[in-house]
Each structure stands twice: as structure tokens, then as C-alpha cells.
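Residue strings, one per chain:
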Amino acid sequence: MPPERKRWHFGTKLVHTRPLGRPSGATPTVTPIYTSSTYLHPSSDAMDRAFDEGDLVYSRFGNPTVGALETAVATAEGGRGAVAFGSGMAALHAAILAAGTPRGSTQPSIKRILGAQDLYGATRRLLDEFFGAQGVVIDFCDMSDLAAVERSLHAAPPDLVLLEPISNPLLKVADVTAIAEHTHAVGARLVVDNTIPTPVLLRPIEHGADLVVHSATKYLGGHGDALGGVVVAARQLPLDAVKSYSKLLGAVLGPFDARLISRGVQTLLLRVRQQCTNAQQVATWLQSRPEVARVYYPGLPDHPQHEVAGRLFGGMWGGMVAFDLVEANRAAAHRFMDALDLVLPATTLGDVFSLVSYPVVSSHRDVVPAERERQGIGDGLLRLSIGIEEPEDIIADLEAGLLAV
Ligand SMILES: *Cc1c(COP(=O)(O)O)cnc(C)c1O
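Note that the coordinates shown come from a computational prediction; the quantities given were computed from them, not determined experimentally. (Residues numbered from 1 in each chain as written. Predicted model: local features only at pLDDT ≥ 70, side-chain atom pairs only at ≥ 80, totals over all residues. Heavy atoms only, no water.)

Another aspect to go through is the site of the ligand. Near the ligand lie 13 residues; those nearest to it are Gly88, Asp193, Ser215, Thr217 and Lys218. Within the side chain of aspartate 193, one N or O atom sits 2.7 Å away from a nitrogen atom of the ligand. Contact between the ligand and threonine 217: an oxygen atom at 2.7 Å from a side-chain N or O atom of the residue. Summarising the interface, the protein chains cover 93% of the accessible area of the ligand, which totals 380 Å² for the free molecule. Split into classes, the residues belonging to the shell around the ligand amount to 4 nonpolar, 6 polar and 3 charged. (Near = heavy atom within 4 Å. Polar contact = N/O pair within 3.5 Å; in protein donor to acceptor, adjacent residues only side chain to side chain. Areas by Shrake-Rupley, 256 points an atom, 1.4 Å probe, with all protein chains shown as cover. Nonpolar A, V, L, I, M, F, W, Y, C, P; charged D, E, K, R; others polar.)

Have a look at this one:
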């Protein structure tokens, strides 16, 4: 990156990711949607070189519209480079393979993975049912408990550690800086799913992460209209591995979705700022309500990792809020959700509109009740993804829901 661009502030970098300098003729200010599956080169020699150098030979290897998104996200995360995928799950798959590829090798060799116990449901199943089924030993631990992480790492050193800095739905916070140090001390690599904090709150590579993963379906895209995933690598070797697995496995992102997500990234800072301000107001208001037993939000002083979150997230606390109803049963939760009008009961997060989810019937549907209780996910738990609406309207809608309980 040119030095003058390195000095730009975070929000400016998100808006301006086009190549530097004046073009020779008139060119679009925005990277067009290139739908070509293949590319012509000026000569056979040039084509030969293009095969060696990588990208623009065939669209599974690279596409300029997708490349623009990859540059934008790599810049936002402060990484060496990025590779986009057709979904967050495809991105996680490739990131795990790359993190488990030893230096000097081009093949994954994973014997053991240490994951956060409250990883996104499909991620947990990717570890258990996919990698586990191939003989990889999968251990889980509570990543918000640093002593437990250290114990697990030393008891049986893994090849890689996988965590989410803000867990879902209980919004526990992991001390990424300390975990990166401990992970490297046992020779493992750290993979961080940064979907929920977004690079606005946290840039894990600055804290020692080797690979950062996004479900771009969520905050990066931000408008509920595109599915995608991105892996950002801190260094060239794991980046090369991610790229090579992307070419082989072929779960690439298409140019239309890439363009939608790139547009989302340009307003990421504004949206997340507003979502954080709104979420703080909603969390504080929920605490004052007699129908609410407990509120989970890293910005509340009584949150168990409030201090860690303050250190990691630079004074922002995220757009997700969870709470327990006093009346902790399904009928009450359903009455609450059915009375909402503005807050949508849809299974996603990070959109411009506010969303509610009931983990017992959605994300944790397949978890047996005893295990759910052990994780602290009760029948009264509801999770909100706060949008960019005017906060008074979100609160009025939630009030109607609580009154219906
Ligand atoms: C949604 C999500 C994923 C999966 O992403 P998809 O785009 O749905 O494949 C992974 N991790 C987290 C934290 C998510 O919220």
C-alpha cells in the first residue's frame, strides 16, 4: 500500500480502495461487475506469465470485482491479503485448512483443534462432524476464561485455536491479545471469526491473530441481500494456502454478491457506530424493565468481561444485546416476538434493520436441554441484533413486545 494511504484513518480507508493515480482515459469510479468467466491476454507469453502470477486467467482463480472486495477487507483488517468465499462457512473451512498447513508444506495436516465452546452452531458442527469425522481431535473450552484456555493449550497442544471475540448469543468476550500469545507459545496458529465485532471494534491481526474470518453475510454486507465470506491472512504463507484451497475447493464468491458486499463495506463504520450507540441505549433501557431478569451487553459495567472489552474494542461495545425474560418459557418468548413489528424475527444478524432471535428454537435447537442449561441458554433468552433505525422506535417496539409477555 502506498505510504500516503497508510496514514489515512480507518473510515477513509474503507471508502477509498480503488487503485492510486489518475487513469489514462475515463474509467468508472467504482469497480464494475465483471461477469466474464475467463480472460484474454495480449500474447501467449503474457498468458504463460499470468498462470504463474496467479489471478486473471480463470474466474475460479480470481475476478476483478471480487478482488476489489478482497482488497477492501484486507485493508480494513490490516492483513497481508484476503480471499473471498461464497459463504462464511466456506471461508471458515478454508481458514482452518490453511491454519493447519505446516510451514513449507502445501497440504493440511491437522491433528487437534481447540475451539471456543460457544462457537456459532454450524462452525461447531464443522469441527465435530466434518474435521472430527476425519480423525481430528476436537477440544472445546470457555475462551472468556483465560486460565481455562491456558490449561487446555498446555494439556494437549493443538495445531490451531478457533474463537469468536464476542460469542453469540451470550456475548462473552475473549481476550484475543492474551490468547494469541498463549497460542503461539505452544506453536499453534490462531484463527479469529471476527463476524460480530467487525474491524470497527477489533482488528485481530493487530493482536496477533494469524487468520481472520468473516461471514460477510452479516455486518460487512449489512443489508441482508448477499451471502459471502472472507478470510484475511496476516502473512504471505497462510494467504497462499487459503488461495490455493479456494482454487481447489471452488467455493468462490460471485461478482454480483462481491459488489453488493463491497458497497456495504464502504458504510461499515457509519452503520456500526450507529448500531453500537443504539445497542447501548437498548441495553440500558432493558435493564430498567420489570419483565427482564438479566441483560447481556459488553458495554454494561456489570458485564463479566467489561474491562477486557474496553481494552479491545476502543470504547465501542457492539450491536448485539441479549436478555432473559423473568417469565422464562417458550410461550412468553413467542408472545414477545409475535408482538414486535419493527424488530424482525429473522435468522441472521448485522443488518441495517433490527432483528430478534430466540436461540432455543433457532441457533440452539439441536442442543439437548441439559447442555443448553449448562451453557446458560435458558428458555427465556432472547438475542437482538440492533439496526441503524432511530433508537426511540426500536425501544417502543421492544416495549410493545414486553407488555405482551
Ligand atoms: C453467520 C455466521 C457464520 C456463517 O456464515 P454464513 O455466511 O452463514 O455461511 C459464521 N460465524 C458467525 C459468527 C456467524 O454469525
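Back to the write-up after that little detour.
Note: interface size is frequently given as the accessible area lost on complex formation between the parts. Segmentation of the protein chain into domains returns domain 1 (3-107 + 178-266) and domain 2 (269-404). For domain 1 and domain 2, the distance between their C-alpha centroids amounts to 31 Å. Between domain 1 and domain 2, the contact holds 19 residues from the first and 19 residues from the second. Taking both partners together, domain 1 and domain 2 bury about 1500 Å²; carbon and sulfur atoms supply 67% of that area. Contact with domain 2 buries area across many residues of domain 1, yet Val200, Leu201 and Tyr219 alone supply 44% of it, more than any other trio. Run the count over domain 1 and domain 2 and you get 5 residue pairs in polar contact (both at pLDDT 80 or more). Elements with a contribution of two residues or more to the side of domain 1 that touches domain 2: α2 (10-15), α9 (198-201) and α11 (255-266). (Domains from an automatic or database assignment. Contact = heavy atoms within 4.5 Å. Buried area = accessible area lost by both parts, 1.4 Å probe. Helix = DSSP H or I, 4+ residues; strand = E, 2+ residues; numbered from the N terminus.)

Before going further, it helps to spend a moment on the pairing of strand β11 (residues 381-385). Among the 5 residues of β11, 5 are classified as buried, and the element is accordingly described as predominantly covered. Of the two faces of β11, the one carrying Leu381, Arg383 and Ser385 and the one carrying Leu382 and Leu384 are both buried. Alignment of strand β9 (residues 320-325) against β11, held across 5 bridges, turns out to be antiparallel. Its bridge partner being in β11, phenylalanine 323 is matched across the sheet by leucine 382. Note that strand β10 (residues 355-357) and β11 share 3 bridges and pair antiparallel. Bridge pairing links leucine 355 to serine 385 in β11. (Buried < 20%, exposed > 50% of the residue type's maximum accessible area, 1.4 Å probe, protein only. Pairing = 2+ DSSP bridges.)

Turning our eyes to something else, we now look at the packing of aromatic side chains. All told, the structure shown has 3 aromatic pairs when counted by the stated rule. With 5.8 Å between their ring centres and 75° between their planes, tyrosine 58 and phenylalanine 61 make a pair best called edge-to-face. On the basis of an interplanar angle of 85° and a centroid distance of 5.2 Å, the ring pair of phenylalanine 130 and phenylalanine 131 is categorised as edge-to-face. In this structure, arginine 124 packs its charged tip against the face of phenylalanine 140, placed 3.9 Å from the ring centre. Sitting over the face of the ring of phenylalanine 61, lysine 247 holds its NZ or CZ atom 5.0 Å from the ring centroid. (Phe/Tyr/Trp six-rings, centres within 6.5 Å; stacked < 30°, edge-to-face > 60°. Lys NZ or Arg CZ within 6 Å of the ring centre and 35° of its normal.)

Glancing now at the side chain of asparagine 278. Here asparagine 278 shows up in helix α12 (residues 268-287). At 3.0 Å, the side chain of asparagine 278 forms a polar contact with the backbone oxygen of glycine 387. When sequence neighbours within four positions are dropped, the list of residues in contact with asparagine 278 reads Ile386, Gly387, Ile388, Glu389, Pro391 and Ile394.

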